[in-house]
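Each chain is listed here by its residues.
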Amino acid sequence: MIKRAISSSRTLLHRAPVRLMHWLNVPIMAGMFMSGWGIYNASPIFPFIFPEAMTLGGWLGGSIAWHLAVMWALAANGVLYVLWGVISGHFRRDFLPLTPGAVLRETKLALTLRLTHRLGHYNAVQKAMYWGVLLCGALLVLSGLSIWKPVQLNGLVALFGGFDYARRVHFLAMSGVGLFVIIHVGMVVLVPSTLLPMLTGTSRKPHDEQ
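Residues numbered from 1 in each chain as written. Predicted model: local features only at pLDDT ≥ 70, side-chain atom pairs only at ≥ 80, totals over all residues. Heavy atoms only, no water.

Further remarks concern the overall build of the chain. When you go through the chain residue by residue, the secondary structure sums to eight helices and three strands. Going from N to C terminus, the chain has its helices and strands arranged as β-β-α-α-α-α-α-α-α-α-β. C-alpha atoms of the chain, sized along the principal axes, occupy 60 × 35 × 35 Å. Relative to its 210 residues, the chain shows a buried fraction of 35%. Considering only intrachain contacts with a sequence separation of at least 6, the fraction spanning at least 24 residues in the chain is 66%. Between the averaged position of the 17 positive side-chain charges in the chain and that of its 6 negative side-chain charges there is a distance of 8 Å. (Helix = DSSP H or I, 4+ residues; strand = E, 2+ residues; numbered from the N terminus. Buried < 20%, exposed > 50% of the residue type's maximum accessible area, 1.4 Å probe, protein only. Contact = heavy atoms within 4.5 Å. Lys, Arg positive; Asp, Glu negative; His and termini not counted. Charge placed at Lys NZ, Arg CZ, Asp CG, Glu CD.)

Okay, a nonpolar patch on the surface next. The grouping of V79, L80, V82, L83, V86 and I87 at the surface amounts to a nonpolar patch, some 580 Å² of accessible area in total. As for its placement among the helices and strands, L83 is situated in helix α2 (residues 60-87). (Patch = residues over 30% accessible without salt bridge, like charges linked within 9 Å, V, L, I, M, F, W, Y side chains within 5 Å. Areas by Shrake-Rupley, 256 points an atom, 1.4 Å probe, with all protein chains shown as cover. Salt bridge = Lys/Arg side-chain N within 4 Å of Asp/Glu carboxyl O.)

Let us now look at the domain arrangement of the chain. Parsing the chain into structural domains produces domain 1 (14-94) and domain 2 (97-190). One C-alpha centre belongs to domain 1, the other to domain 2, and the line joining them spans 14 Å. The interface is formed by 19 residues belonging to domain 1 together with 13 residues belonging to domain 2. Summed over both sides, the interface of domain 1 with domain 2 buries roughly 1400 Å², with 71% coming from carbon and sulfur. It is F33, I45 and D94 in domain 1 that bury the most area against domain 2; as a group they hold 36% of the surface buried on that side. Viewed at the interface, domain 2 and domain 1 are joined by zero salt bridges. There are one residue pair in polar contact (both at pLDDT 80 or more) connecting domain 1 and domain 2. For the side of domain 1 that touches domain 2, the secondary structure elements donating two or more residues are α1 (16-42), α2 and α3 (90-95). (Domains from an automatic or database assignment. Buried area = accessible area lost by both parts, 1.4 Å probe. Polar contact = N/O pair within 3.5 Å; in protein donor to acceptor, adjacent residues only side chain to side chain.)

Next up, the structure:
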């Protein structure tokens, strides 16, 4: 757990680098989603498009420019997060161990609103979600590179089964990240006590069931 005594009444739950990268992702992901939807609307691969008000860039060229610009911020933040997660032990300490049995058991508890939450402790459902979003992030990067440089990276494009399939993988991986965001926000709404520690890093009642 991300726990270290601050005083007799406060405990550190989230270190400063994690909090900074978490909140930087809010405008970054908004820019990536909205510019990506603008690009998608120019050549839909499914029988729907996104409302113009939900897109960024105004036209295809503008959406691409925004997408590429924000992409570098997302890549930098993502690389720093992965490095921090490995070097600090965050991934090993907070996302492991994880077993299919634990995920199944705690998913059932979550669906029946019986899953408890302790600040600073990741349950199996949360661990699975974080590993899932990391996987979606890797697929987004690889499929995005395939779409961006299909000639130069033709071998990577071939791994996805072609340019059109790379676009589909990119869209589905984006949808996976979007689903993670929706569930993440929903959990904050259901357990609002998790919000303040992500701002301050500390909690007064780290061991209480929330």
